[in-house]
Amino acid sequence: MNEGVRRRGLLTGAGAVVAAGVVGTRSSGAAVPEEPMFGPVTIRPGDARYDGLLRGNNFRFVGRPDEIRVAGSTDQVVRAVSEAVRAGRRVAARSGGHCFENFTADRAVRSLLDLSPMNAVGYDARRRAFAVRPGATLGHVYRTLFTGWGVTIPAGGCPEVGAGGHFAGGGYGPLSRRYGSVVDHLYGVEVVVVDRDGTARAVVATREADDPNGDLWWAHTGGGGGNFGVVTRYWLRSPKAAGDEPSRLLPAAPREMLECLVTWSWDGMTERAFTGLLRAFGAWHERNSAPGSPYAGLYAILMPAHRSAGGFSMVAQIDAGIPHADRLVTDFVSEITAGTKPTLNARRIMPWLHATTWPGTGEPGDVISRRYKIKAGYLRRSFTDTQLAAVYHHLTDSAGGPNAGMLLVGYGGQVRAVPPGATAVAQRDVVMKAVYETVWTDESEDAANLAWVRGLYRDVYADTGGVPVPGEVSDGSYINYPDADLADPAWNTSGVPWHTLYYKDNYPRLQRIKARWDPLGVFSHALAIEPG
């Protein structure tokens, strides 16, 4: 799950630090077998541990695999994948378990790989890069990088999200406007793939120009998880970093963060004031999201909740060490709040690590309230008046509940400095991400909640067939917020296929990579890349 978004009511493991020389490679690119740190453990139905390990974060989806393989090393993953292929069992890998859809909880999955014990983070001197295992949570990654070397990465704001799927999908977060997507700092990957003869093996792929496996690296810079193999390790190093001093190979972590919280009450909030507020938020990002902008270090999320919640809020963050940080926040808040009457406008400065990893765990406060549906879209500019009217209508209707609403998330900045074909993240000329959400408790509430969020989404994009077709305003959607509705003609009447919405012109290249590295189609899910 995500990224810069801490969901309302929804929205560190003790991993071993890796020493230098984490993984050796043969000339073929295959990883040298390593001593296991954990397991392997195989858990089947009837085992007392089975139900406890069955669910991911979204309780709407519960699979029933024949086995849960809990792995602690690359070699164990190779063996688990090999055995699943030989037995004809569909296999899926789970790191943090925060997928919004049923990619790992599909009833068709017969062998579920739990990678959570593979959570080591450390510096690999031989590769001059930081090694991160897929089961490491973002909070653990941040804490380890900060504690050991004072560096960080521009990844998501929910500390319990696993690095595995987050990195592969092109993760972003509070520092992305300043430093780009996390994949802009991805040096290499180790992936367990399956050859045409059914042999599973671990392959290392890097961004080096002469790497024969470079296309596999590229596929993991936004191609999404579960498409090409099982990622067992990432290496991170900024593209222009030189030398072998670890503290200079990734962005320096801020010392302190200045955070501003603004809240509004729905009481007395007119449609004109509400739509003006959203329009101002969008217009500000249109003007202040170029690479190198003085405001590129400012990250904001506007979180309009349904009227039944009573009110809604906006959070803005900035590195307190940026010159004139307080004035930049003041100017931003003044522009966004003009014409409205906030009930709270407060700010505080806290240590960056505190702000990044606590309070909040990325999990719902009420553990039974984990049924949710999330939809999303990229924005190249502010919503149109028609779209704003649709948002207001659905946020003030009688069908939504207090845990329903949306988010407008600041994006752009340094993200826009990278060409759309340089990584698999094609949406580079955008300034915001829009997120539409609803969260509920009981299965009996599924139909009503799904109908509400689907109706909101359909009406916002009514002029383009119910989905965010790339154009003047929209630019498709974000694969780390997967939404199977985009592949359903009942909800996508645009004539534009789901893969164009997620990958645009990068999809044919991803298809060719899929055909090379997963020729048997071992890795599949509801929005899986089809071989080209």
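Residues numbered from 1 in each chain as written. Predicted model: local features only at pLDDT ≥ 70, side-chain atom pairs only at ≥ 80, totals over all residues. Heavy atoms only, no water.

Going by the annotation in an unreviewed UniProt entry, the name recorded for the chain is FAD-linked oxidase, with Actinoallomurus iriomotensis given as the source organism. UniProt's Cofactor (unreviewed entry) comment on the chain is quoted here verbatim: "FAD". Entered under Sequence similarities (unreviewed entry) in the UniProt record, the comment concerning the chain runs "Belongs to the oxygen-dependent FAD-linked oxidoreductase family." (UniProt positions renumbered as here; feature names shortened; annotations may be inferred.)

A. Geometry of the packing of aromatic side chains. Under the defined criterion, the tally for this structure stands at 29 aromatic pairs. Ring geometry for F274 and F312: centres 5.7 Å apart, planes at 85 degrees, overall edge-to-face. Placement of the pair is F274 in helix α7 (residues 271-287) and F312 in strand β13 (residues 311-319), with a sequence separation of 38 residues. Assessed through its relative accessible area of 0%, F274 is described here as buried. (Phe/Tyr/Trp six-rings, centres within 6.5 Å; stacked < 30°, edge-to-face > 60°. Helix = DSSP H or I, 4+ residues; strand = E, 2+ residues; numbered from the N terminus. Buried < 20%, exposed > 50% of the residue type's maximum accessible area, 1.4 Å probe, protein only.)

B. Representation of the sheet that holds strand β15 (residues 371-379) in the model. The strand order across the open sheet formed by seven strands is β14-β11-β13-β12-β16-β17-β15, and the pairing between neighbours is antiparallel. Whereas interior strands pair on both sides, the edge strands pair on one side only; in this sheet they are β14 (344-351) and β15. Here the average twist between neighbouring strands, direction ignored, is 15 degrees. In this structure, strand β11 (residues 256-265) lies alongside β13, joined through nine bridges in antiparallel fashion. Each bridged residue has a counterpart across the sheet, and for T263 the counterpart in β13 is S313. Of the strands in this sheet, β11, β12 (299-303), β13, β16 (404-410) and β17 (432-440) are in contact with α7, which crosses β12 at around 160 degrees. The strands touched by helix α11 (residues 446-460) are β15, β16 and β17; relative to β17, the strand with the most contacts, the crossing angle is about 160 degrees. (Pairing = 2+ DSSP bridges. Axes fitted to C-alpha atoms, helices over the stretch in contact; angles between N-to-C directions. Contact = heavy atoms within 4.5 Å.)

C. Local environment of the pairing of β13. Counting buried residues along β13, nine of its nine residues qualify, which places the element largely inside the surrounding structure. Both faces of β13 are covered, namely the face carrying G311, S313, V315, Q317 and D319 and the face carrying F312, M314, A316 and I318. Note that β12 and β13 share five bridges and pair antiparallel. From the neighbouring strand, M303 faces β13, where its bridge partner is S313.

D. Seen up close, the packing of α7 against helix α10 (residues 385-395). It is at 10 Å that the axes of α7 and α10 come closest, and there the two elements cross at 120 degrees. When the axes of α7 and α10 are compared, the pair comes out oblique. At the point where α7 passes α10, the crossing takes the right-handed sense. Across the interface between the two elements, E271, F274, T275, L278 and R279 of α7 pack against D385, L388, A389, V391, Y392 and L395 of α10. For the contact of α7 with α10, the class distribution of residues is seven nonpolar, one polar and three charged. (Parallel < 35°, antiparallel > 145°, perpendicular 65-115°, else oblique. Left-handed = near helix turned anticlockwise from the far one by under 90°. Nonpolar A, V, L, I, M, F, W, Y, C, P; charged D, E, K, R; others polar.)

E. Spotlight on the confidence of the model for the chain. Confidence in the prediction for the chain averages 92 pLDDT; 91% of positions are at 70 or higher. Predicted confidence is poor over residues 1-33, with pLDDT under 50, and the contacts of this stretch with residues over four places away or in other chains come to 132 contacts. Ignoring residues within four places in sequence, the model shows residues 359-365, a span with pLDDT below 50, making 20 contacts including any to other chains. (pLDDT = per-residue confidence, 0-100.)

F. The pattern of salt bridges, seen in detail. Enumeration according to the criterion identifies 34 salt bridges in this entry. Of the charged contacts in the structure, one is a salt bridge between E67 and R69, with a shortest N-O distance of 3.6 Å. The same class applies to E67 as to R69, namely buried. One salt bridge connects R178 with D319, and the closest N-O pair in it is separated by 2.8 Å. In this pair, R178 is assigned in helix α5 (residues 176-179) and D319 in strand β13, connecting sequence segments 141 residues apart. Sharing partners across several salt bridges, the network here consists of E101, K373, K375, R454, D483 and D485. (Salt bridge = Lys/Arg side-chain N within 4 Å of Asp/Glu carboxyl O.)

G. View of unusual backbone geometry. Backbone torsion omega between G39 and P40 reads 5 degrees, so that peptide bond is classified as cis. Mapped onto the secondary structure, P40 falls in the loop between β1 (17-18) and β2 (41-43). Positive phi is not limited to glycine here, since H324 has a value of about 60 degrees. Along the chain, H324 turns up in the loop between β13 and α8 (325-337). Judged by relative accessible area, H324 falls into the exposed class, the value being 54%.

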